[in-house]
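Structural description and commentary
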Amino acid sequence: MYVHVNAATSADGKLASRDRSQLRISGPEDFDRVDAIRADSDAVAVGVGTVLADDPSLTVTDEERVADRRADGGSPQPARVVFDSRARTPTDAVVLDDAATTYVLVAEAAPEPRREALAAAGAAVLVAGTERVAPATGLAALADRGVDRLMVEGGGELIFSLFEAGLVDELTVYVGAMVVGGRGAPTLADGEGFVEAFPELSLDGVERLDDGVLLRWTVEGQPDGA
Ligand SMILES: NC(=O)c1ccc[n+]([C@@H]2O[C@H](COP(=O)([O-])OP(=O)(O)OC[C@H]3O[C@@H](n4cnc5c(N)ncnc54)[C@H](O)[C@@H]3O)[C@@H](O)[C@H]2O)c1
Ligand SMILES: Nc1nc(=O)c(N)c(NC[C@H](O)[C@H](O)[C@H](O)COP(=O)(O)O)[nH]1
């Protein structure tokens, strides 16, 4: 599976402010680029922290892109994926509307009534991992369901854990023209952090977009040597 992580940060590397509410960093050109990546993907993934903070739709909005997907014989919308170890996704979350298939990846530790509530709300609940969703197991379950190209939009906890597992192929970051600050504000890669075996990136492109900069990298070396 090809895994493309895309996110937007402030000039100081934050995904959002310390209150973790949704922060508009991208401008219209970057949001259009995000829409195009979604349209090229079989599924779009976020962590449950992002669902709770942003309540995103994760759908393709450009009608031509939707029509192209249909013409190619595929589903009009990519599937949506929530990494949600304890099944905390609210049953009225926008990702559970009927716009697309939604997989909620949970751990065995997720309470059964929550799993049932999510299934009743229309989610396809997949168990991957014991206490926390195991990234490689989760991605294998998605691959079994036809996901070859996965876009990951964040947040910082999920992005770190995918790097830690050596599963990221491509990273694109839009760096917007603002400073957010705050030691507790989420950054592009949070989690425990690396002290050695840092994932190595190879720069593929730098481009001005809106008032910011788009950086494109291929992931060369990963902690597990993948
Ligand atoms: N600027 C951007 O591009 C962008 C993109 C996405 C999110 N955000 C922001 O990021 C913040 C949310 O990020 P976050 O880091 O708090 O949460 P997150 O979205 O990374 O979700 C983390 C949660 O996912 C669950 N999870 C399940 N399996 C996991 C695994 N293997 N590894 C890690 N998490 C796993 C856990 O419950 C964990 O608490 C919000 O403030 C949101 O607005 C910004
Ligand atoms: N590229 C990007 N630039 C931003 O400035 C920003 N805040 C996000 N955030 C990603 C997060 O997942 C958002 O919640 C979705 O971008 C919202 O997506 P919808 O339009 O609801 O589908 N992503």
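The structure reproduced in this document is the subject of the present report. These numbers come from a predicted model, not from an experiment.

1. Thoughts on the pattern of salt bridges
Applying the stated criterion across every chain, the model contains nine salt bridges. Across the salt bridge formed by Arg65 and Asp35, the nearest N and O atoms sit 2.9 Å from each other. With Arg65 in helix α3 (residues 63–71) and Asp35 in helix α1 (residues 28–39), this pair connects stretches of sequence that are 30 residues apart. According to the relative accessible area criterion, Asp35 is buried, its value standing at 6%. Taken together, the salt bridges that share partners define one network made up of Asp32, Asp35 and Arg65.

2. Quick look at the site of ligand 2
Surveying the vicinity of ligand 2 reveals 16 residues, the closest of which are Leu23, Ile25, Ser26, Ser57 and Leu58. In the model, a nitrogen atom of ligand 2 is placed 2.8 Å from a nitrogen or oxygen of the Leu23 main chain. Within the side chain of Glu153, one N or O atom sits 3.4 Å away from an oxygen atom of ligand 2. Its free accessible area being 520 Å², ligand 2 has 82% of it covered by the protein chains. Breaking the shell around ligand 2 down by element, the ones donating at least two residues are α1 and α2 (48–54). Here the element with the most residues in the shell around ligand 2 is α1; it accounts for four residues. Of the residues assigned to the shell around ligand 2, the class counts are seven nonpolar, four polar and five charged.

Each value, and the rule that gives it
Residues numbered from 1 in each chain as written. Chains lettered and ligands numbered in written order. Predicted model: local features only at pLDDT ≥ 70, side-chain atom pairs only at ≥ 80, totals over all residues. Heavy atoms only, no water. Salt bridge = Lys/Arg side-chain N within 4 Å of Asp/Glu carboxyl O. Helix = DSSP H or I, 4+ residues; strand = E, 2+ residues; numbered from the N terminus. Buried < 20%, exposed > 50% of the residue type's maximum accessible area, 1.4 Å probe, protein only. Near = heavy atom within 4 Å. Polar contact = N/O pair within 3.5 Å; in protein donor to acceptor, adjacent residues only side chain to side chain. Areas by Shrake-Rupley, 256 points an atom, 1.4 Å probe, with all protein chains shown as cover. Nonpolar A, V, L, I, M, F, W, Y, C, P; charged D, E, K, R; others polar.

Functional significance is not addressed by these values, which are geometric in nature.
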